[in-house]
Amino acid sequence: MSSSTTASGIDPIAEAAPLSLCAREPHVPADRLVAEMVPPPRFDSVRFSTYIPDPNQPSQTEAVHVLEGFAAGLGGAHAVGGGKRKLFGFGKGPKKAPVGPRGVYLDGGYGVGKTHLLASLWHATPAEPALKAFGTFVELTNLVGALGFQKTVQTLSGHRLLCIDEFELDDPGDTVLVSTLLGKLVDAGVALAATSNTLPGKLGEGRFAAADFLREIQGLSARFRPLRIDGEDYRHRGLPEAPAPFSDEQVTKTAYATAGASLDDFPHLLDHLARVHPSRYGALTDGVAAVCLTDVQPVPDQSTALRLVVLADRLYDREVPVLASGMPFDKLFSEEMLNGGYRKKYFRAISRLTALARDAKGLVEA
């Protein structure tokens, strides 16, 4: 072996070294947070017509029909004008609140296509992109943190539609904050659409409870029409099992051979995530074509596990393949975690990382 060749058989002179997520500490300005409130890249091209309902689950077909009608009803002028003068009550005369449901809540388990439908609603709503917003609950709370509450109300009040994916019911403080925000936006005429996770202890049978969501948003519950979407995780319908982990050497060689790939030791990456705010995990993956991880092992604690869930969501949104050595992804979380209050988050992360691992298999074969 020549002196310029590593133990893994890589010539660092012949091939460019891969990126490292651990070397990145992105800073995201507030205006980028607003501009990026659109469906993630994975859902750029989804439409109601590309959602394939399970023929054994009629609620899926019904949900599509209801959402198509909801989108069509959002055409025309903004419900109450949406201007900033109206927002803070400086206009003449009393402001009339919208009558009837101004929101839909998609109630279903992970993997039944709720985000697909939510993004399709965003695309189908007849309004300019600048008048529609789409983001996760975490991204919305990050926006409030960056802009302040009043400025966030002011920024979003002129919108036709706000879509909130993965509404977090497990943080009472943030739930009250966002519920108050949504009340202001509904008063300004903004239509709402949401999906959610479930409360700790509400383990159910793999689906999210509309009753929990409607109770937590309290005064807004009358504004939402729940749509139940039954079904199994589509990522497991007729698909092969996740590929077995590769060797450290295979992962390293693939990282060097793949333009734009990152290469990190998994335990070091978990440590790095603790130093980067989750609102920046999307920026952390900017320009990354594939994530290569060595020495994947079970996460040590719940805080680390929840950070990993956010990273998995951002990678899945961006369709970034994940190639790994070590433990398979279904061994990431302990039995205690998988039986606890955040179990649905962990199962979602396993499902999404498994899908990305399938995508990465071709990189090695290439």
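Note that this is a predicted model, so its numbers are computed, not measured.

A few points about the overall build of the protein
- Looking only at helices and strands, the protein features 14 helices and 8 strands.
- Burial analysis of the protein (366 residues in total) assigns 49% to the buried set.
- Within the protein, residue pairs in contact and separated by at least 24 positions form 85% of the contacts whose partners lie at least 6 positions apart.
- As displayed, the protein has an accessible area near 16,300 Å², and 53% of this comes from carbon and sulfur atoms.

Comments concerning the sheet that holds strand β7 (residues 290-296)
- Spatially, the 3 strands line up as an open sheet ordered β6-β7-β8, and their pairing is parallel. Strands at the two margins of the open sheet, each flanked by one partner only, are β6 (261-265) and β8 (322-326). Neighbour-to-neighbour, the strand axes of this sheet turn through a mean angle of 15°, independent of strand direction.
- In the sheet, β6 pairs with β7 via 5 bridges, with the strands oriented parallel. Following the sheet pairing, Leu-263 is matched in β7 by Cys-292.
- Where helix α10 (residues 266-273) meets the sheet, its contacts fall on β6 and β7, and the angle it forms with β7 comes to roughly 110°.

Some details on the packing of aromatic side chains
- Taken as a whole, this structure holds 2 aromatic pairs when the rule is applied.
- Both rings, one in Phe-137 and one in Phe-167, keep their centres 4.8 Å apart while their planes meet at 50°; by these two values the pair is tilted. Highlighted residues: Phe-137 in helix α5 (residues 137-147) and Phe-167 in strand β3 (residues 161-167), separated in sequence by 30 residues.
- Taking the relative accessible area as the measure of exposure, Phe-137 reaches 1% and is therefore buried.
- Taking the centre distance of 4.6 Å and the plane angle of 20° together, the rings of Phe-333 and Tyr-346 count as stacked. With Phe-333 in the loop between β8 and α13 (335-338) and Tyr-346 in helix α14 (residues 343-365), this pair connects stretches of sequence that are 13 residues apart. Across this residue pair, the class does not change: Phe-333 and Tyr-346 are buried.
- Across from the ring centre of Trp-122, 4.3 Å away, lies the NZ or CZ of Lys-132, which sits over that ring.

Details of helix α7 (residues 172-187)
- Taking 1.5 Å per residue, 16 residues should reach 22 Å; α7 reaches 23 Å between its end C-alpha atoms and fits that length.
- Listing the buried residues of α7 in full gives Thr-175, Val-178, Ser-179, Leu-181, Leu-182, Gly-183, Leu-185 and Val-186.

Concerning empty space enclosed by the protein
- In total, this model carries 2 cavities of 30 Å³ or more according to the counting rule given.
- The volume enclosed by the largest cavity comes to roughly 60 Å³.
- If you go around the largest cavity, the residues you meet are Phe-266, Leu-269, Val-291, Leu-293, Leu-308, Leu-311, Ala-312, Leu-315, Val-322, Phe-329 and Leu-353.
- Elements supplying a minimum of two residues to the lining of the largest cavity: α10, β7 and α12 (302-317).
- It is α12 that contributes the most residues to the lining of the largest cavity, 4 residues altogether.

Remarks on the pattern of salt bridges
- Per the stated rule, a full pass over the model turns up 7 salt bridges.
- Across the pair Arg-352 and Asp-313 runs a salt bridge, and its minimum N-O distance is 2.9 Å. One end of the pair, Arg-352, is in helix α14; the other, Asp-313, is in helix α12, and 39 residues separate them in sequence.
- What you see here is one network of salt bridges that share partners, running through Glu-166, Asp-313, Arg-348 and Arg-352.

Some points on the confidence of the model for the protein
- For the protein, mean pLDDT is 82; residues scoring 70 or higher make up 78% of the total.
- Contacts from residues 79-98, a stretch scored under 50 in pLDDT, to residues over four places away or in other chains number 27 contacts.
- Contacts for the low-pLDDT stretch residues 199-208, under 50 throughout, to residues beyond four places or in other chains number 36 contacts.

What counts, and where the lines are drawn
- Residues numbered from 1 in each chain as written.
- Predicted model: local features only at pLDDT ≥ 70, side-chain atom pairs only at ≥ 80, totals over all residues.
- Heavy atoms only, no water.
- Helix = DSSP H or I, 4+ residues; strand = E, 2+ residues; numbered from the N terminus.
- Buried < 20%, exposed > 50% of the residue type's maximum accessible area, 1.4 Å probe, protein only.
- Contact = heavy atoms within 4.5 Å.
- Areas by Shrake-Rupley, 256 points an atom, 1.4 Å probe, with all protein chains shown as cover.
- Pairing = 2+ DSSP bridges.
- Axes fitted to C-alpha atoms, helices over the stretch in contact; angles between N-to-C directions.
- Phe/Tyr/Trp six-rings, centres within 6.5 Å; stacked < 30°, edge-to-face > 60°.
- Lys NZ or Arg CZ within 6 Å of the ring centre and 35° of its normal.
- Expected span 1.5 Å × (residues − 1).
- 1 Å grid on protein atoms, 1.4 Å probe; cavity = no way out; pocket = protein on both sides within 12 Å on 5 of 7 lines; lining within 4 Å.
- Points joined across faces, edges and corners; volume = space filled by probe spheres on them.
- Salt bridge = Lys/Arg side-chain N within 4 Å of Asp/Glu carboxyl O.
- pLDDT = per-residue confidence, 0-100.

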